[in-house]
Amino acid sequence: MSRPITARIYLNALRQNLSRVRERAPSARVWSVVKANAYGHGLLEAMRAFAQTDGLALVEFEGAIRLREAGWGRPILMLEGAFGPDDVALALQHQLSLVVHDAGQAAWLEHPVQHPIDVYLKINTGMNRLGVPIDQAVAMHRRLMNAAAVRSVTLMTHFANADLPGGIDEASARFERAVTGLIGARSLANSAAILDSPRVHQDWVRPGIMLYGATPFADRSAVDLGLRPAMGLHSRLIGVQSLQAGDAVGYGSSFVADRAMRIGIVAGGYADGYPRHAPTGTPVAVDGVRTRTVGRVSMDMLAVDLTPVPQAAVGAPVELWGEIIPVDEVAAQAGTIGYELLCAVAPRVRREVLDDGHASEDPVRL
Ligand SMILES: *Cc1c(COP(=O)(O)O)cnc(C)c1O
């Protein structure tokens, strides 16, 4: 029997979350963002579920080539662009669209080719991560329009604060100043801007986290946004202990029982991607009943309070996150965001892909 920890991937939830994007941004085309193995959900599974999207966007060239080999014929956008001239050759061979965020990348596109590609000129509007400065946007646009390997230029930026009230006002005004008069489509909005800022939807939106059913906001839940979790992290109890008042649990004895109680030991720890920083009290469901973790998370196991589930025994199902326990709640307890937990599910965790309720084991991993 395999170790019971399993990530269930719900293709229907992925499809429904893409429909939410379409409802919010009905006149925009959609780049579904599938970087980091589709935020931990599986690249080829995401490709299947997002059959209705206009394009797929990611940062890994190996992933882009796998998408082409798996038959994806629609646009693919490389969000960090080429890391070297070899990547430009790959992009030309596989017809991948490239972000261009600095002059070095533009130089690699200035030779004649048989089939030119589409590029996205990324403009720095205040994140100060990638992008050309506002005052160089016009010159770089002209340079790319004249580059022999370039078929079209789209203008893009990425917001530093789209999840905060008023957080895009300054950045979107800078973007407008930078691109006034330039021809080309526009792409600005990540999930937070799709949900909150219709005026920046423009031509192409770029949803990531909302497709996977987690929230981009600190103060609004995925359920409130009409999103469905696309991943459930499930395991089972592999041990039960009866504690007396004064008994401790786990490394460092950080939890001490203040009364007699039963605890369950779950096959799941930080080597599976469950956050070690999740403190006592982090929500977890046993046999469908909400309870809490107790003590420190270790590499392969964690402990849960069985007080609200007195019938629970070895073998009882445990949901670490999913439909009962939103991943965002676990993340908040651990001082991080749902994005990080979804991406960090470890390779040793078995994945089960569910399509209309039918499960299939899927060995494909990035
Ligand atoms: C990751 C990424 C996105 C998606 O962001 P979410 O917050 O997950 O919606 C959009 N655009 C770019 C450039 C990205 O790198």
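Refer to the structure presented above.
Residues numbered from 1 in each chain as written. Predicted model: local features only at pLDDT ≥ 70, side-chain atom pairs only at ≥ 80, totals over all residues. Heavy atoms only, no water.

**Description of the overall build of the chain**
If you tally the helices and strands in the chain, you get 11 helices and 19 strands. Compactness check: the chain gives a C-alpha radius of gyration of 23 Å against a globular reference of 21 Å for 366 residues, within 12% of the reference. Along the first, second and third principal axes, the C-alpha atoms of the chain reach 75 × 40 × 35 Å. Within the chain, buried positions represent 52% of all 366 residues. Once local pairs closer than 6 in sequence are excluded, the contacts in the chain between residues at least 24 apart make up 62%. (Helix = DSSP H or I, 4+ residues; strand = E, 2+ residues; numbered from the N terminus. Rg over C-alpha atoms; globule rule 2.2 N^0.38 Å. Buried < 20%, exposed > 50% of the residue type's maximum accessible area, 1.4 Å probe, protein only. Contact = heavy atoms within 4.5 Å.)

**A closer look at the site of the ligand**
Taken together, the residues surrounding the ligand are V33, K35, Y39, L79, H158, N190, S191, R206, P207, G208, I209 and Y339. One of the side-chain N or O atoms of K35 is found 2.7 Å from an oxygen atom in the ligand. Alone, the ligand offers 390 Å² of accessible surface; in the complex the protein occludes 92% of this. Class assignment for the residues of the shell around the ligand results in 6 nonpolar, 4 polar and 2 charged. (Near = heavy atom within 4 Å. Polar contact = N/O pair within 3.5 Å; in protein donor to acceptor, adjacent residues only side chain to side chain. Areas by Shrake-Rupley, 256 points an atom, 1.4 Å probe, with all protein chains shown as cover. Nonpolar A, V, L, I, M, F, W, Y, C, P; charged D, E, K, R; others polar.)

**Thoughts on the side chain of N17**
Considering the arrangement of structural elements, one finds N17 in helix α1 (residues 11–24). The contacts of N17, once residues within four sequence positions are left out, are M210, L211, Y212, G213, L227 and R228.

**A few points about the side chain of D87**
Within the element layout of this structure, D87 appears in helix α5 (residues 85–94). As a buried residue without a salt bridge, D87 has its nearest oppositely charged side chain in R68, at a separation of 14 Å. Contact partners of D87, with chain neighbours within four places excluded, come to F61 and A82. (Lys, Arg positive; Asp, Glu negative; His and termini not counted. Salt bridge = Lys/Arg side-chain N within 4 Å of Asp/Glu carboxyl O.)

**Looking at the nonpolar core**
With 116 residues, the main nonpolar core has F50, L109, L144 and W321 as its most contacted residues. V249, A257, I263 and I265 belong to the second-largest nonpolar core, a separate cluster that totals 9 residues. (Core = buried A, V, L, I, M, F, W, Y, C linked by side-chain atoms within 4.5 Å.)

**Considering the packing of aromatic side chains**
Using the criterion set out here, one finds 7 aromatic pairs in the structure. With a centroid separation of 6.3 Å and 15 degrees between ring planes, the pair formed by Y274 and W321 is classed as stacked. On the criterion of sequence distance, the pair formed by Y274 in the loop between β13 (261–267) and β14 (283–286) and W321 in strand β17 (residues 317–321) is long-range, its members being 47 residues apart. A residue is classified by how much of its surface remains accessible, and Y274, at 1% relative accessible area, is buried. By the ring-pair criterion, three or more aromatic residues cluster together here, those being Y39, F50, Y212 and Y339. Positioned above the aromatic ring of F217 is the side chain of R220, whose terminal nitrogen or guanidinium carbon lies 3.8 Å from the ring centre. (Phe/Tyr/Trp six-rings, centres within 6.5 Å; stacked < 30°, edge-to-face > 60°. Lys NZ or Arg CZ within 6 Å of the ring centre and 35° of its normal.)

**Section: the pattern of salt bridges**
Enumeration according to the criterion identifies 19 salt bridges in this entry. Between R8 and E352 there is a salt bridge, with its nearest N and O atoms 3.6 Å apart. In this pair, R8 is assigned in strand β1 (residues 6–10) and E352 in strand β18 (residues 350–355), connecting sequence segments 344 residues apart. Here R8 falls in the partly exposed class, since its relative accessible area comes to 28%. A salt bridge links D272 to R348, with the nearest nitrogen and oxygen atoms 2.7 Å apart. Note that D272 is positioned in the loop between β13 and β14 and R348 in the loop between α11 (338–343) and β18, a separation of 76 residues in sequence.

**Some words on helix α4 (residues 61–69)**
A turn of α-helix holds 3.6 residues, and therefore any two residues three or four places apart point the same way. All of the buried residues along α4 are F61, G63, A64, I65, L67 and R68. Close packing links the buried residues of α4 with α3 (43–49), β3 (55–58), β4 (76–78), α5 and β5 (97–100). Immediately downstream of α4, the backbone of G71 shows phi near 100 degrees, a positive value.

**Observations regarding the environment of D102**
Tracing the chain through its elements places D102 in the loop between β5 and α6 (103–107). In this structure the C-alpha to C-alpha distance between D102 and L121, which are 19 residues apart in sequence, comes to 8.8 Å. Beyond its immediate sequence surroundings of up to four residues, D102 is in contact with V132 and M140. In this structure the side chain of D102 is engaged in a polar contact, spanning 3.1 Å, whose partner is the backbone nitrogen of Q105.

**Let's talk about α5**
Along α5, the positions that sit buried rather than exposed are D87, V88, A91, L92 and H94. The secondary structure elements touched by the buried residues of α5 are α4, β5 and β6 (117–122). Within two residues after α5, Q95 carries a phi angle of roughly 50 degrees, on the positive side.

**Structural notes on unusual backbone geometry**
Of note in the backbone geometry, N37 takes a positive phi value of approximately 55 degrees without being a glycine. Secondary-structure assignment places N37 in helix α2 (residues 35–39). Phi is positive for D287, which is not a glycine, with a value near 55 degrees. By secondary structure assignment, the location of D287 is in the loop between β14 and β15 (289–294).

**Remarks on the pairing of β5**
The alternating pattern of β5 places S97 and V99 on one face and L98 and V100 on the opposite face, and all of these are buried. Note: β4 against β5, 2 bridges, orientation parallel. Looking across to β5, one finds that M78 is bridged to L98. Traced from β4 through α5 to β5, the parallel crossover comes out right-handed. (Pairing = 2+ DSSP bridges. Right-handed = clockwise from strand over helix to strand, strands pointing away.)

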